[in-house]
Amino acid sequence: MEVSWLRGPMEAWAGDAVIFFDFEKSPARLPGLNRWIAQRAGSLEDSSAWLDFKGKAQQAAVLFNPGDSRVPRIVCAGLGPIEKYDLEKVRMALGQVLRKCRDMQLQRVILPLSAFDGLPGELRESLREALVGGFLGLHRYTGYKTRDVDSNDHPQVLLIGDEEESRPDLEPLLSYATAVGSGVSLARDLVSAPANVVTPSFLAQTAAEISGRHGFALRVIDFDEARSMGMGAFTAVAQGSREPARLVIMEHSPPGAEARRPLVFVGKGITFDTGGISLKPSEKLEAMKQDMAGAAAVLGAFDAVGRLKLGRRVVGIMPCTENMPDGQAYKPGDVIHSLSGLTVEIISTDAEGRMILCDALTHARQYRPALLVDLATLTGAAIIALGHQVAAVMGNHEGLIRNVREMGQGVGERFWPLPLHDFYFEGIKSEVADFKNVGDRSAGTIIGGIFLKQFVPDDIPWAHWDIAGTAWASKDSPDCGQGGTGFGVRTLVELVRRWEDLGLPD
Ligand code: BES
Ligand code: MN
Ligand code: ZN
């Protein structure tokens with residue numbers, strides 16, 4: 001999405017449409033729209049499209065703009081009832097309305113700052129989130145179609161402020177929305193793209209491009225090096241794949257922060273999960289190209305952090321491999337020596353995510369993390385528990401879990417906590433090794449968390465996000481097309497951006 005930021009009197013504006021918002025069942029229209037109409041001595045009441053417009057959330061009406069040939073249309077976006085208003089509504093509204101403008105092939109649309117007058121909360125917040133919603137709504141995965149491709153032109157958005165003095169500095173909001181919009185789009189595209197394209201080396205290559213753009217340090221560890229380092233759990237999964245595995249480490253070390261303890265983000269990068277020898281059923285197996293969504297979110301977040309030039313040190317660790325059945329594949333019953341020294345009895349080779357993550361989490365300790373977050377499409381049970389709109393969050397630090405939930409809520413990503421009581425460990429006790437990689441069917445998502453907890457020292461604030469439900473959208477919504485969602489990028493960026501609000505020791 002291309003957004004230009006202009007200032008000037010309302011009379012001078014020209015574009016294909018002007019965008020306004022309105023609440024459902026509101027007795028009076030929002031002030032910006034009223035002023036616009038009044039200045040043009042027009043009336044909406046005689047338009048049938050307006051009569052049918054109820055202001056419902058995700059409803060949009062295209063109206064003839066009375067008395068102004070320079071802006072022939074008003075596109076009005078519904079926000080639902082004012083009592084239920086939150087930032088989600090304005091995000092969805094702008095996403096929806098800009099898609100509509102694109103479908104109408106409009107070239108230039110005006111988004112006046114006055115459209116936000118009368119919305120509850122701060123202008124900065126609603127504008128920032130609306131712009132993010134606009135970016136995300138317009139993003140679409142164009143894929144590999146060579147026939148019947150529709151043009152992917154975005155309308156140019158003119159963001160116009162009329163009352164210069166009273167407006168806050170909006171430039172940073174625009175850069176935020178652009179950075180986050182690009183980061184999420186990058187993650188979405190990686191998840192949506194097929195597994196024969198997005199291989200572990202492709203992810204490493206993408207990391208190299210992002211690092212080159214923003215001056216991040218990059219280290220790519222291959223299979224042999226991982227083995228010689230002692231990453232027996234990561235290589236156990238990787239040994240069954242012909243596609244070369246990569247453990248990708250990216251580091252953003254901004255000037256002045258080099259000596260500080262970093263935030264460390266670990267993302268599961270299974271580029272295709274067949275289940276391995278514990279082979280999955282073939283129904284919907286194609287969906288398992290999404291199993292690198294954790295790594296994609298880390299890459300997307302790093303791109304956004306780089307664009308925003310955030311001042312904190314951040315490390316991203318992405319273990320990337322396929323999980324395949326093969327003559328050399330790891331097998332149920334195998335005992336694996338993880339990097340930590342702990343031994344794991346394999347019950348299911350389909351619980352491969354925790355295997356590659358445990359070595360990545362162990363390796364993360366070397367960086368003395370001030371905060372450790374891992375993201376993974378780890379368990380189908382997370383979908384059973386929470387569905388597709390809410391990710392599970394677990395960890396060893398109540399305050400961090402609360403902050404993740406609050407920050408996520410603010411930027412449009414929902415999390416719900418699951419407990420990690422020590423007694424859950426009973427479920428993975430093993431006769432032959434320190435523990436097993438799966439239990440029975442009970443508490444599947446928690447067991448994943450308990451497994452990972454074995455590899456994280458208590459004094460590192462750690463959160464585990466199970467994004468198996470939220471990484472993929474099976475249908476379109478106003479701010480996300482069908483396909484990869486880029487879930488996690490926004491909250492990761494928020495953790496870096498608002499580090500001080502976390503109240504964690506440096
Ligand atoms: N990648 C899957 C989890 C998954 C399922 C992600 C659906 C996205 C959508 C993971 O590796 C897996 O296979 N998990 C097993 C765990 C079990 C063996 C303990 C599962 O969910 O069945
Ligand atoms: Mn699996
Ligand atoms: Zn998996």
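Scope of this entry: the structure provided in the associated data block. (Residues numbered from 1 in each chain as written. Chains lettered and ligands numbered in written order. Predicted model: local features only at pLDDT ≥ 70, side-chain atom pairs only at ≥ 80, totals over all residues. Heavy atoms only, no water.)

### Some remarks on the sheet that holds strand β5 (residues 108–112)
Okay, step 1: Strands sit in the order β1-β6-β5-β2-β4-β3 across an open sheet of six strands; the sheet is mixed. Unpaired on one side and paired on the other, β1 (2–7) and β3 (60–64) mark the two borders of the sheet. When the angles between neighbouring strand axes are averaged without regard to direction, this sheet yields 30 degrees.
Okay, step 2: In terms of strand pairing, β3 meets strand β4 (residues 73–78) through five bridges, oriented antiparallel. Residue pairing across strands places Ala-61 opposite Cys-76, the latter belonging to β4. (Pairing = 2+ DSSP bridges. Helix = DSSP H or I, 4+ residues; strand = E, 2+ residues; numbered from the N terminus. Axes fitted to C-alpha atoms, helices over the stretch in contact; angles between N-to-C directions.)

### Observations concerning the sheet that holds strand β12 (residues 335–337)
Okay, step 1: Strand order in this open sheet of three strands is β12-β13-β17, and the pairing throughout is mixed. The sheet terminates laterally at β12 and β17 (435–436), the two strands that pair on one side only.
Okay, step 2: Strand direction decides the pairing type here: strand β13 (residues 343–345) and β17, joined by two bridges, are parallel. Directly across from Val-344, in β17, lies its bridge partner Phe-435.

### Describing the site of ligand 1
Okay, step 1: In the vicinity of ligand 1, 18 residues are found, and the nearest of them are Asp-273, Lys-280, Asp-291, Asp-350 and Gly-380.
Okay, step 2: At a separation of 3.3 Å, a nitrogen atom of ligand 1 approaches a polar backbone atom of Leu-378.
Okay, step 3: Bound to the protein, ligand 1 loses 78% of the 510 Å² it would expose on its own.
Okay, step 4: In terms of residue class, the shell around ligand 1 is built from six nonpolar, five polar and seven charged. (Near = heavy atom within 4 Å. Polar contact = N/O pair within 3.5 Å; in protein donor to acceptor, adjacent residues only side chain to side chain. Areas by Shrake-Rupley, 256 points an atom, 1.4 Å probe, with all protein chains shown as cover. Nonpolar A, V, L, I, M, F, W, Y, C, P; charged D, E, K, R; others polar.)

### Some thoughts on the coordination of the manganese ion (ligand 2)
Okay, step 1: Within the protein, Asp-273 (OD), Asp-350 (O), Asp-350 (OD) and Glu-352 (OE) serve as the donor atoms for the manganese ion (ligand 2), at 2.1 to 2.2 Å.
Okay, step 2: If you list the donors of the manganese ion (ligand 2) from N- to C-terminus, the spacing comes out as D-x76-D-x1-E.
Okay, step 3: The class for Asp-350 is partly exposed, based on a relative accessible area of 23%. (Donors = N, O, S within 2.8 Å, 3.2 Å for Na, K, Ca; no water. Buried < 20%, exposed > 50% of the residue type's maximum accessible area, 1.4 Å probe, protein only.)

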